[in-house]
Amino acid sequence: LFLAYGWARRRSPGRWALWLLLPLGALAAYQWAALGLYGTGLVFDAGSYAGAFRAGTGMPLWARSAAALAFAGGGLATVALSGPWCWSRRAVGYGAAAVAAALLAVVAAGSIGGHPLVDPGGLRWTLIAQLGLWMLGGVAVAALAFVDLWHRRDAGSLLLGLWVLGTLVFAGFLNWSVNVRTILPMAPAAAILLVRRLEQRRALPPGRGRWPLLLPLAASAGLALWVAQADYTLANSARQAAAVVHRLHGRGPGPLWFEGHWGFQYYMQAAGGRAVDWGGAPPSPGELLVVPDNNTNTFLMPRGSVSLLRVLEVPSSALMATMNRAVGAGFYSDVWGPLPFAVGRVPPERYYVFRVAEPAARP
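All of the points below concern the structure found in this document. (Residues numbered from 1 in each chain as written. Predicted model: local features only at pLDDT ≥ 70, side-chain atom pairs only at ≥ 80, totals over all residues. Heavy atoms only, no water.)

### Section: the pairing of strand β13 (residues 349-356)
One face of the sheet, then the other: side chains in a regular strand alternate in exactly this way.
So, step 1. By the bridge criterion, five bridges tie strand β7 (residues 288-292) to β13 in an arrangement that is antiparallel. Note on β13: the bridge partner recorded for Leu288 is Arg355.
So, step 2. Pairing of strand β8 (residues 306-314) with β13, which is carried by eight bridges, proceeds in the antiparallel orientation. Bridge pairing in β13 links Arg310 to Val353. (Pairing = 2+ DSSP bridges. Helix = DSSP H or I, 4+ residues; strand = E, 2+ residues; numbered from the N terminus.)

### Examining the sheet that holds strand β5 (residues 256-258)
So, step 1. The strand order β6-β5-β7-β13-β8 describes an open sheet built from five strands, whose pairing is mixed. With partners counted over all chains shown, the strands left at the sheet margins are β6 (274-275) and β8, one partner each.
So, step 2. Docked against the sheet, helix α13 (residues 262-270) engages β5, β6, β7 and β13, running at close to 165° with respect to β5. (Contact = heavy atoms within 4.5 Å. Axes fitted to C-alpha atoms, helices over the stretch in contact; angles between N-to-C directions.)

### What about the packing of aromatic side chains?
So, step 1. For the structure on display, the rule yields eight aromatic pairs.
So, step 2. Ring geometry for Trp134 and Phe341: centres 5.7 Å apart, planes at 70°, overall edge-to-face. You can see Trp134 sitting in helix α8 (residues 125-152) and its partner Phe341 sitting in the loop between β11 (329-330) and β12 (342-343), a full 207 residues away along the chain.
So, step 3. Using a relative accessible area of 7% as the deciding quantity, one classes Trp134 as buried.
So, step 4. For Phe341, a relative accessible area of 5% gives the class buried.
So, step 5. Taking the centre distance of 5.0 Å and the plane angle of 35° together, the rings of Phe264 and Tyr351 count as tilted. Residue Phe264 is located in helix α13, and its partner Tyr351 is located in strand β13; the two are separated by 87 residues in the primary sequence.
So, step 6. Under the relative-accessibility criterion, Phe264 is labelled buried at 1%. (Phe/Tyr/Trp six-rings, centres within 6.5 Å; stacked < 30°, edge-to-face > 60°. Buried < 20%, exposed > 50% of the residue type's maximum accessible area, 1.4 Å probe, protein only.)

### As for the packing of α8 against helix α9 (residues 155-174)
So, step 1. Taken N-terminus to C-terminus, the directions of α8 and α9 make an angle of 155°; their axes are 9 Å apart at the nearest point. By the angle between their directions, the pair α8 and α9 is classed as roughly antiparallel. Between α8 and α9 lies a crossing of left-handed hand. Within the contact between the two elements, α8 uses Val141, Ala142, Ala145, Phe146, Asp148, Leu149 and Arg152 and α9 uses Ser157, Leu158, Gly161, Val164, Leu165 and Leu168.
So, step 2. Tallied by class, residues from the contact of α8 with α9 come to nine nonpolar, two polar and two charged. (Parallel < 35°, antiparallel > 145°, perpendicular 65-115°, else oblique. Left-handed = near helix turned anticlockwise from the far one by under 90°. Nonpolar A, V, L, I, M, F, W, Y, C, P; charged D, E, K, R; others polar.)

### Brief notes about the pattern of salt bridges
So, step 1. Under the criterion given, the structure shown has three salt bridges.
So, step 2. For Asp148, the salt bridge is made with Arg196, and the minimal N-O distance between the two is 3.0 Å. Highlighted residues: Asp148 in helix α8 and Arg196 in helix α11 (residues 187-200), separated in sequence by 48 residues.
So, step 3. A relative accessible area of 8% places Asp148 in the buried class.
So, step 4. Residue classification places Arg196 among the buried residues on the basis of a relative accessible area of 19%.
So, step 5. Across the salt bridge formed by Glu313 and Arg350, the nearest N and O atoms sit 3.0 Å from each other. Taken together, the residues span a long stretch of sequence, with Glu313 in strand β8 and Arg350 in strand β13 at a distance of 37 residues.
So, step 6. On the accessibility criterion, Arg350 (26% relative accessible area) is partly exposed.
So, step 7. Salt bridges sharing common partners tie together Asp148, Arg152 and Arg196. (Salt bridge = Lys/Arg side-chain N within 4 Å of Asp/Glu carboxyl O.)

### Looking at the side chain of Ser220
So, step 1. In this fold, Ser220 is placed in helix α12 (residues 214-249).
So, step 2. Dropping the residues within four chain positions of it, Ser220 is found in contact with Thr78 and Leu81.

### Points about a nonpolar patch on the surface
So, step 1. On the surface, Leu27, Tyr30, Val43 and Phe44 cluster together into a nonpolar patch covering about 420 Å² of accessible area.
So, step 2. If you list the elements that add at least two residues to the nonpolar patch, you get α2 (21-38) and α3 (42-57).
So, step 3. Structurally, Phe44 is set in helix α3. (Patch = residues over 30% accessible without salt bridge, like charges linked within 9 Å, V, L, I, M, F, W, Y side chains within 5 Å. Areas by Shrake-Rupley, 256 points an atom, 1.4 Å probe, with all protein chains shown as cover.)

### Topic: unusual backbone geometry
So, step 1. Despite not being glycine, Arg11 has its phi angle at roughly 65°, a positive value.
So, step 2. Among the structural elements, Arg11 can be located in the loop between α1 (2-10) and α2.

### Structural notes on the environment of Thr296
So, step 1. Following the sequence through the fold, Thr296 ends up in the loop between β7 and β8.
So, step 2. Excluding residues that lie within four positions of it along the chain, Thr296 makes contacts with Gly260, His261, Trp262 and Trp336.
So, step 3. Within polar-contact distance, the side chain of Thr296 engages the side chain of Asn297 at 3.1 Å. (Polar contact = N/O pair within 3.5 Å; in protein donor to acceptor, adjacent residues only side chain to side chain.)

### Re the layout of surface pockets
To find leftover empty space, a probe the size of one water molecule is rolled over the atoms.
So, step 1. Size it by volume and the largest pocket reaches roughly 620 Å³.
So, step 2. Lining of the largest pocket is provided by 26 residues; of these, Trp262, Asn295, Thr296, Met323 and Trp336 occupy positions nearest its centre.
So, step 3. No other element matches α12, which puts five residues into the lining of the largest pocket.
So, step 4. A class-by-class count of the residues in the lining of the largest pocket yields 15 nonpolar, seven polar and four charged.
So, step 5. By volume, the second largest pocket amounts to about 360 Å³. (1 Å grid on protein atoms, 1.4 Å probe; cavity = no way out; pocket = protein on both sides within 12 Å on 5 of 7 lines; lining within 4 Å. Points joined across faces, edges and corners; volume = space filled by probe spheres on them.)

Okay, structure coming up:
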C-alpha cells in the first residue's frame, strides 16, 4: 500500500522507498526467530497452510466471493445501513438486482460452501435473505472504493481503494477461510470513503440537518452490541458446560477426556480434564470422553468403540448467533456458515458424554 501510494505521489523512486525496508526487515526477523524456535518459519508456513486448507475444502470461487461480500457487508454494517444517503434509488436498484441474480444462482446450486440452502421444510429463506442483505452491503463497500477512485483519481483515493479491495481479496481468496477478523483491517479506509461519499452527495449539511445520519449509526451500534452479547453468551456456555461436566463426571475412573478447542478446552483443562491427543496415549476402556457438538477438531468415534451416557444442553443466545452451523453463522470462519452472524432460532449447545468401550484408535 505504501509503495503504491508513494509511487503515485512521487512518480519516481527515491529515499522515501527506503522506509519500506523497515516492515520487510521486521517480517524477515520474525521468520528467522520462528525458524530458530520451532524449526519452521511461521510467515511462509501460514501461507502454505492457507493454500492447503483452501484446496482441501474445494470451495469454488463464486462461493468464496459471495462469502467475502457477505462478511464485508455484515462486518461493516454502517456502510450498508447508510445506503439511502450514499446512493441514488437507481444505483440501489441496480445493486439489488445484481445481488438478486447472484442469489438465484446460489439457490440453484442448492448450497454455498457446503452449507445447504434447502432443508426438509423447503428453502431456508431466513438464511437466504440475510445472505442477500449483507452481500448487498459488501457490494456497497467495494463500490465506495471504485467511485472514489473514479472521481478523484489521486494518490489518496488509490491508497484507500487498494486498502479496501486488497483486504477484500485477501479475506476471500488468500486467507485460509473468510472471517470478520480479516475484514476488520479495511474499517478505517471504509469509514473515510463513507464520509467522502456523504460529502460528495451533500448529505452532511451543517447544524441540525445531520440528525438523520444518526439513524444508521444507532442501528449499527445496536447491532454490534447484540452480536457481542451473542458471542459472550456462546463463550459463557462453554464455561458452564465444563463446570457441569466436571460436577457430574469429574470423579470417574481415570482422567476425564475431551475433544475440541476454544474456551471449552481452556475450562476443561483448568478443572483437570485431559485433551485427547490421537498421536499419543488414547482413552482406555471404561474412561469417559466428552465431545462438544459446536466446536473444532472433534472426531467421530468408530461404531461400537464408545457408548453414549448423556447429552448435556446449555442454552445459547436465543435469536442471534456468531458461530453455529444450524443457522449459518461463521463469525470466526465461514467453515461454520456463509454469514458473519445470523438472526434466527439458535439451538442450544450440545455436549456428548461417552464411555469408552474398547481401546480407542484414531478415528
